[in-house]
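# Descriptive structure summary
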Amino acid sequence: MAQAISTAQIADTEVDNSAVIIVTAQKREQNAQDIPISLVAVSGASIERQGISSLQDLGNSIAGVTILAANPGAMRLSIRGASDLSGSNQSASVNGFYLDETAMSYVPGYMPEVSLADIERVEVLRGPQGTLFGEGSEGGTLRVITRKPDSQKFFGRAKLGAYSTKGGGEGYAGQINANIPIIKDVLAVSVAGGYRDLPGWIDIPDIEVKDSNTSKLSDGRFALRYTPSTDFTLDLFYQIGRSKIRDFVSTSRDELNPRTVAAQFGVGPVGGLSPSEGKLDVGALTINYDTGPATLVSASSLTTSSFDTARDLTTIVPAAFPPSFVPGATAQSIYRVRSHAFSQEIRLVSNGANDLNWTIGSYFKHETRSVEDGFIFNVPAIQTIDSPLSHSDQKGDAWAVFADVDYTLTAKLSIQAGLRYFEDSKNFSVNQVRGSAFPLGFPPAGTVQAGDDNSHATSPKIGLTYKISPSALIFAKYSKGFRGGGANTAPLSTYPYATKQFGPDSLNAFEIGLKTSPFAGWTINLYAYHNDWSDLQLPFRTDDGVFTYVRNVGKAKTDGVELEVSADITPSLNLGLTYAYSNAAIDGDVKDRLGRIIVSSGSDLPLNAKNKITAAIHYEVTLSSDIQIDFDGRYRWASKTYSDPANTPGYTNQPTSQLFLSSGVKGNWGALTLFVDNVLDREDTVAKYPPAGPPLYTYSNYLRPRNVGLEFKRGF
């Protein structure tokens with residue numbers, strides 16, 4: 001890969017050799033090209049150079065991966081067609097999400113945003129990773145690896161940016177990070193922080209609000225590394241993230257105006273904003289002790305997250321209440337989720353490159369989750385404010401033991417095997433804190449629904465790898481992923497046909513792959529896979545549409561191919577190409593309690609594009625000893641997707657395409673970059689969904705309109 005100018009002002013983040021990236025995807029340091037799994041590793045320098053500022057931008061540029069964000073802090077991760085189908089706030093995630101050693105326990109659909117500033121790399125492991133990463137890694141695992149403090153030298157960087165969105169407002173951002181050695185070779189700390197004020201572009205005529213979907217994001221990170229000897233390393237880490245979103249829904253790209261799209265249903269005006277706020281705190285302590293033959297690792301972490309949102313429902317008042325109640329009436333839904341998790345992993349990892357490399361370990365997690373779900377109906381005509389509210393609590397303990405081995409049979413042939421045994425116990429309760437004065441399906445105040453769930457699973461993997469040459473290998477692998485069950489919150493006293501809880505599901509995967517580096521600076525990787533996903537956790541709505549509950553029904557199959565090419569054509573020019581084919585579909589009709597087909601066999605899994613292609617170019621030229629100019633371009637195209645398992649025509653997203661271009665100049669004074677995202681100003685949707693209650697119209701999430709930005713950064 002072509003190198004940036006080696007100056008103190010910018011070298012701390014710009015040097016990138018994408019042909020050789022050392023990863024820890026198998027919980028030991030290895031060259032990414034030497035690991036027999038479908039792995040994408042992107043360095044922090046490459047992420048910044050490509051203008052990728054969020055996990056959503058990154059995920060959507062990787063073959064077989066989609067990250068949908070209704071707003072920051074409410075993301076959905078899909079890997080090879082596997083995503084959270086149920087939308088249940090009591091379920092576990094389908095795909096793993098890690099910040100260093102910390103499993104980011106999150107409510108499905110509310111995967112938190114993590115800053116990509118001052119990171120070492122991002123790793124995306126496609127296919128089940130149950131052996132080493134446990135529950136919630138059925139489809140794969142995404143890992144953000146932060147840069148660790150360096151006790152050798154002081155360095156840092158500041159970055160400022162300004163942005164403008166077509167048809168919307170202006171925004172700005174600032175980031176700063178510093179590495180501070182305290183005792184050379186022994187102790188160092190690093191700090192990083194950032195703030196982003198992202199412009200909105202959606203207007204709400206009913207309440208005379210312009211650019212309603214503005215976002216304010218802030219983050220901070222502190223890290224300490226203590227290395228009193230060559231065989232002992234202690235890493236202490238703490239990160240916070242905060243997000244405030246003014247509003248996030250629309251009925252067209254530039255407006256939230258239900259009365260223009262559903263006038264025939266007599267919907268009412270928008271009554272107010274639908275704001276949301278998210279908080280994330282992560283603390284972690286990791287200790288590595290090299291005993292000689294093996295390294296003992298202890299990884300402890302504590303995560304706390306919350307997400308609060310209020311959604312205006314005033315538009316559905318005419319459909320829910322008698323005409324005499326409608327004048328001046330407003331409605332709003334309230335949703336608050338809290339999650340606290342402590343986890344501890346201890347593992348022993350063999351050192352060196354031996355005929356037998358092994359990892360053994362144990363894992364424990366304690367998690368509590370609480371959700372408040374309610375409504376506020378203000379009906380001046382009868383002088384009533386009605387606010388039904390339910391509160392659910394879930395507590396769970398999980399533990400696991402695991403082992404993973406890689407044994408060299410001959411100079412070219414090796415075998416990989418792994419096994420994880422997992423047990424999980426949960427208890428839950430749903431308390432109707434306040435009932436409703438209206439006949440809307442809510443149980444009386446004081447109604448309590450309780451239960452428990454105990455599950456266990458064994459997650460195996462077995463594979464063979466053949467080294468064709470020092471720079472090429474082929475592999476074949478079978479692996480299994482799993483996910484525990486959870487509770488339903490629909491009141492059984494009102495809806496006796498709704499189940500109290502749902503059970504686990506599992507995914508069996510079969511894969512073959514070819515990984516090659518045919519020339520210096522070139523990588524060509526090709527994968528083919530088949531997934532069998534059984535006991536799907538699928539959502540069902542109560543007959544009146546007020547509540548959703550989950551049942552284990554049906555199965556899905558996925559057949560896919562992924563191609564990744566990166567080529568240094570010259571020392572100054574790099575080209576990249578990825579392509580993914582993913583035929584992920586429901587296998588067999590899914591019927592409701594009355595025997596009606598609600599999801600037909602062959603329906604595509606939500607969020608999954610059957611075809612997706614990304615092309616990228618990086619070119620740089622040195623004009624003098626201290627001036628360098630570079631150019632980056634990235635184009636992504638994805639075929640149509642569906643937003644629900646039933647593939648409802650109204651929730652179909654047509655093919656999307658997105659072009660990103662940037663150009664910058666670097667020197668001893670710093671670096672200045674101009675970029676344009678969504679150059680063609682495409683009006684493509686990425687998700688569609690109904691409002692709460694009667695599905696009278698459709699909310700849509702769109703690509704951000706053409707966005708122009710200017711960024712300046714300087715090292716110190």
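Rules and cut-offs
- Residues numbered from 1 in each chain as written.
- Predicted model: local features only at pLDDT ≥ 70, side-chain atom pairs only at ≥ 80, totals over all residues.
- Heavy atoms only, no water.
- Helix = DSSP H or I, 4+ residues; strand = E, 2+ residues; numbered from the N terminus.
- Buried < 20%, exposed > 50% of the residue type's maximum accessible area, 1.4 Å probe, protein only.
- Contact = heavy atoms within 4.5 Å.
- Areas by Shrake-Rupley, 256 points an atom, 1.4 Å probe, with all protein chains shown as cover.
- Lys, Arg positive; Asp, Glu negative; His and termini not counted.
- Charge placed at Lys NZ, Arg CZ, Asp CG, Glu CD.
- Polar contact = N/O pair within 3.5 Å; in protein donor to acceptor, adjacent residues only side chain to side chain.
- Patch = residues over 30% accessible without salt bridge, like charges linked within 9 Å, V, L, I, M, F, W, Y side chains within 5 Å.
- Salt bridge = Lys/Arg side-chain N within 4 Å of Asp/Glu carboxyl O.
- Pairing = 2+ DSSP bridges.
- pLDDT = per-residue confidence, 0-100.
- Phe/Tyr/Trp six-rings, centres within 6.5 Å; stacked < 30°, edge-to-face > 60°.
- Lys NZ or Arg CZ within 6 Å of the ring centre and 35° of its normal.

Check the secondary structure of the protein chain and you find six helices and 42 strands. On the principal axes, the C-alpha backbone points of the protein chain span a range of 75 × 55 × 50 Å. For the protein chain, with 716 residues in total, the buried portion stands at 56%. Put simply, 67% of the contacts in the protein chain that link residues at least 6 apart link residues at least 24 apart. Accessible area of the protein chain: about 27,600 Å², with a carbon and sulfur share of 59%. For the protein chain, the distance from the average position of its 63 positive side-chain charges to the average position of its 73 negative side-chain charges is 1 Å.

This part is about the environment of Asp 84. Within the secondary structure layout, Asp 84 lies in the loop between β5 (74–79) and β6 (96–99). For Asp 84 and Asn 653, which are 569 residues apart along the polypeptide, the C-alpha to C-alpha distance reads 18 Å. Of the polar contacts made by the side chain of Asp 84, one reaches the backbone nitrogen of Val 94; its length is 2.9 Å.

We now examine a nonpolar patch on the surface. Together, Phe 154, Ile 176, Ile 180, Ile 182, Ile 183, Val 191, Phe 222, Leu 236, Tyr 238 and Phe 716 line one region of the surface with nonpolar side chains, adding up to about 870 Å² of accessible area. Looking at the nonpolar patch, the elements that each hand over two or more residues are β11 (170–183) and β14 (232–245). The element best represented in the nonpolar patch is β11, accounting for four residues. With respect to the secondary-structure elements, Ile 183 resides in strand β11.

Inspection of the sheet shows strand β15 (residues 276–290) paired to strand β16 (residues 294–312) by 15 bridges, in the antiparallel sense. Across the sheet, Glu 277 pairs through a bridge with Asp 308, a residue of β16. Counting the residues between successive antiparallel strands, the hairpin from β15 to β16 contains three residues, one of them, Gly 292, with a positive phi of roughly 110°. Relative to strand β17 (residues 330–350), β16 runs antiparallel, the two being bridged by 19 bridges. Bridging across to β17, Thr 304 finds its partner in His 340.

Once that is clear, we can look at the confidence of the model for the protein chain. Caution applies to low-pLDDT regions: their predicted coordinates should not be interpreted in detail. Residues with a pLDDT of 70 or more make up 97% of the protein chain, whose mean pLDDT is 91. For the stretch residues 1–18, pLDDT sits under 50, and the model shows 56 contacts to residues farther than four places along the chain or on other chains.

Let us look at the pattern of salt bridges. If you walk through the whole model with that rule in mind, you get 41 salt bridges. The shortest N-O distance in the salt bridge between Glu 101 and Arg 347 comes to 2.6 Å. Pair noted here: Glu 101 is in the loop between β6 and β7 (102–103) and Arg 347 is in strand β17, with a separation of 246 residues, a long-range link. According to the relative accessible area criterion, Glu 101 is partly exposed, its value standing at 24%.

A few words on unusual backbone geometry. In this structure, Asp 100 is a non-glycine residue whose phi angle is positive, near 55°. The topology assignment puts Asp 100 in the loop between β6 and β7. The backbone phi angle of Glu 208 is positive, close to 55°, even though this residue is not glycine. Along the chain, the position of Glu 208 falls in the loop between β12 (187–198) and β13 (215–229).

So, about the side chain of Asn 531. With respect to the helices, strands and loops of the structure, Asn 531 is situated in strand β27 (residues 522–534). When near neighbours in sequence (up to four residues on either side) are disregarded, Asn 531 contacts Arg 80, Leu 507, Asn 508, Ala 509, Ala 556, Lys 557 and Thr 558.

Right, let's get into the sheet that holds strand β8 (residues 119–126). Taking strand neighbours across the sheet as the criterion, the five strands line up as β3-β8-β9-β6-β7 in an open arrangement whose pairing is mixed. Both outer strands of the open sheet, β3 (38–43) and β7, are each paired with one neighbouring strand and no more. As paired elements, β3 and β8 share six bridges and run antiparallel to each other. Across the sheet, the residue bridging to Leu 39 is Leu 125, located in β8.

Moving on, we come to the side chain of Thr 251. Its place among the elements puts Thr 251 in the loop between β14 and α5 (258–261). Owing to a relative accessible area of 10%, Thr 251 belongs among the buried residues under this scheme. Polar side-chain contacts of Thr 251 include one of 2.9 Å to the backbone nitrogen of Asn 257. If we ignore the near neighbours within four places in the chain, the residues touching Thr 251 are Leu 256, Asn 257, Pro 258, Val 261, Tyr 697, Thr 698 and Tyr 702.

Time to look at the environment of Ala 319. Tracing the backbone through its elements, the reader meets Ala 319 in helix α6 (residues 317–320). Overall, the relative accessible area of 44% leaves Ala 319 in the partly exposed class. Sequence spacing of Ala 319 and Pro 694 is 375 residues, and the spatial spacing of their C-alpha atoms is 7.7 Å. Ignoring sequence-local partners within four residues, the contact set of Ala 319 consists of Pro 694 and Leu 696.

Bridge count between strand β34 (residues 611–624) and strand β35 (residues 627–638): twelve bridges; the pairing is antiparallel. Note that in β35 the partner of Thr 614 across the bridge is Arg 636. Taken together, the twelve bridges between β35 and strand β38 (residues 656–667) define a ladder with antiparallel strand orientation. Note that in β38 the partner of Gln 628 across the bridge is Lys 666.

Here the focus is the packing of aromatic side chains. All told, the structure shown has 25 aromatic pairs when counted by the stated rule. With a centroid separation of 5.2 Å and 40° between ring planes, the pair formed by Tyr 478 and Phe 510 is classed as tilted. Of this pair, Tyr 478 sits in strand β23 (residues 472–483) while Phe 510 sits in strand β26 (residues 505–516), placing them 32 residues apart in sequence. Classification of Tyr 478 by relative accessible area gives partly exposed; the value is 22%. Its guanidinium or amino end placed over the ring of Phe 540, Arg 551 lies 4.6 Å from that ring's centre, counting from NZ or CZ. Lying over the aromatic face of Phe 660, Arg 634 brings its terminal NZ or CZ to 4.8 Å of the ring centre.

What follows deals with the environment of Thr 359. Note that Thr 359 resides in strand β18 (residues 356–379). Thr 359 sits in the buried class, given a relative accessible area of 1%. For the pair Thr 359 and Ala 294, spaced 65 residues apart in sequence, the C-alpha to C-alpha distance is 9.1 Å. A distance of 3.5 Å separates a polar atom in the side chain of Thr 359 from a polar atom in the side chain of Arg 28.

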